[in-house]
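# Summary of the model geometry
Take a look at the letters that make up each chain.
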Amino acid sequence: MTLKLKALLVHLLTASGAVLAMLAMLAAVDENWSLMFWWLVIALVVDGIDGPLARRYHVKTNFPIYDGELLDLIVDYLTYVFIPAFALFKSGLLPDWTGWIIIIVITYGSVIYFADTRMKTKDNSFFGFPACWNMFVLVMFALQPGYWVILGFVVALTVAMFLPLKFIHPTRTERWHWVSLPMAFGWTFFAGWATWVDFHPESWAHWGLVVTSLYLVFAGIAQQIIPEKQP
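Residues numbered from 1 in each chain as written. Predicted model: local features only at pLDDT ≥ 70, side-chain atom pairs only at ≥ 80, totals over all residues. Heavy atoms only, no water.

Moving on, we get to the overall build of the chain. When you go through the chain residue by residue, the secondary structure sums to 9 helices and 2 strands. Of the regular secondary structure in the chain, the N- to C-terminal order runs α-α-α-α-α-β-α-α-β-α-α. Against the compact-globule benchmark of 17 Å for 231 residues, the chain has a radius of gyration of 18 Å, which places it among compact chains. Projected onto its principal axes, the C-alpha positions of the chain cover 50 × 45 × 35 Å. (Helix = DSSP H or I, 4+ residues; strand = E, 2+ residues; numbered from the N terminus. Rg over C-alpha atoms; globule rule 2.2 N^0.38 Å.)

Shown next as structure tokens:
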């Protein structure tokens, strides 16, 4: 198999996220939230795989006809932002006016963030909260903390998208990579577990989601505060 063909296959793998997004949307319309999140978790796994493959097979050089970064952003907006916002609105977790506020805040703020050329930092982290609403909404479905708490988190995270705060990329940020990667795998495992048991309130998966989510949210900020040791 030639490098050109391998690069094309990576692009096609990224594009498969659009199909997963449609399947998730169909489940969301039927209010089958567990199935919706299953598709979104699978899309998250695909998103975690295609990046390393794209760099390994140098898709920009070997198949430059397709813009892999643009393709990735389109799929990410569907699976990270649009469908999770719809689920949060439709589920009833945020009633009346609060639901309208979050659906506007999430979709509008995120599309502006996705167009921000400063999104990535030099160490391959994110400049501001990277609009991972798929992960946030899944945790909210699992914990169901009340609509004021959810609304507060949505507003805070939206503001954080445009603040000079660092958020790690679990597979690309080198510092603390030995912790970040297992935490990312752990979050994915607990997300699948919580979805499998239909977000049963007594599931231990919820505690795993809390611990791994706290690390993924605050690890980058901690790196800004704690100076890196020089070799």
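This brings us to helix 4 (residues 68-90). In this model, helix 4 (23 residues) spans 32 Å end to end at C-alpha, consistent with the 33 Å of a helix rising 1.5 Å per residue. A maximum bend of about 30 degrees is found in helix 4 at Leu78. Val75, Asp76, Tyr77, Thr79, Tyr80, Val81, Ile83, Pro84, Ala85, Ala87 and Leu88 are the residues of helix 4 that are buried. Contact partners of the buried residues in helix 4: helix 1 (3-29), helix 2 (33-56), helix 5 (96-114), helix 6 (133-143) and helix 7 (147-160). (Expected span 1.5 Å × (residues − 1). Bend = angle between axes of the 7 residues up to and from the residue. Buried < 20%, exposed > 50% of the residue type's maximum accessible area, 1.4 Å probe, protein only. Contact = heavy atoms within 4.5 Å.)

Looking at where Met161 falls in the secondary structure, it is placed in the loop between helix 7 and strand 2 (166-167). With a relative accessible area of 1%, Met161 lands in the buried category. Distance from Met161 to Ile112, taken between C-alpha atoms, is 9.5 Å for residues 49 residues apart in sequence.

Positive phi outside glycine occurs at Glu31, with the angle close to 60 degrees. Tracing the backbone shows Glu31 in the loop between helix 1 and helix 2. At Trp176, a position not held by glycine, the phi torsion is positive, near 60 degrees. You can see Trp176 is positioned in the loop between strand 2 and helix 8 (177-196). Judged by relative accessible area, Trp176 falls into the partly exposed class, the value being 24%.

Within the structure shown, the criterion is met by 3 salt bridges. Its salt-bridge partner being Arg118, residue Asp116 comes within 2.9 Å of it at the nearest N-O pair. A salt bridge links Lys166 to Asp123; the nearest nitrogen and oxygen atoms lie 2.5 Å apart. One end of the pair, Lys166, is in strand 2; the other, Asp123, is in the loop between helix 5 and strand 1 (126-127), and 43 residues separate them in sequence. (Salt bridge = Lys/Arg side-chain N within 4 Å of Asp/Glu carboxyl O.)

What follows covers the confidence of the model for the chain. Residues of the chain with pLDDT of at least 70 account for 99%, and the chain-wide mean is 93. Per-element averaging of pLDDT across the chain places helix 3 (residues 59-62) at the bottom with 90 and strand 2 at the top with 96. (pLDDT = per-residue confidence, 0-100.)

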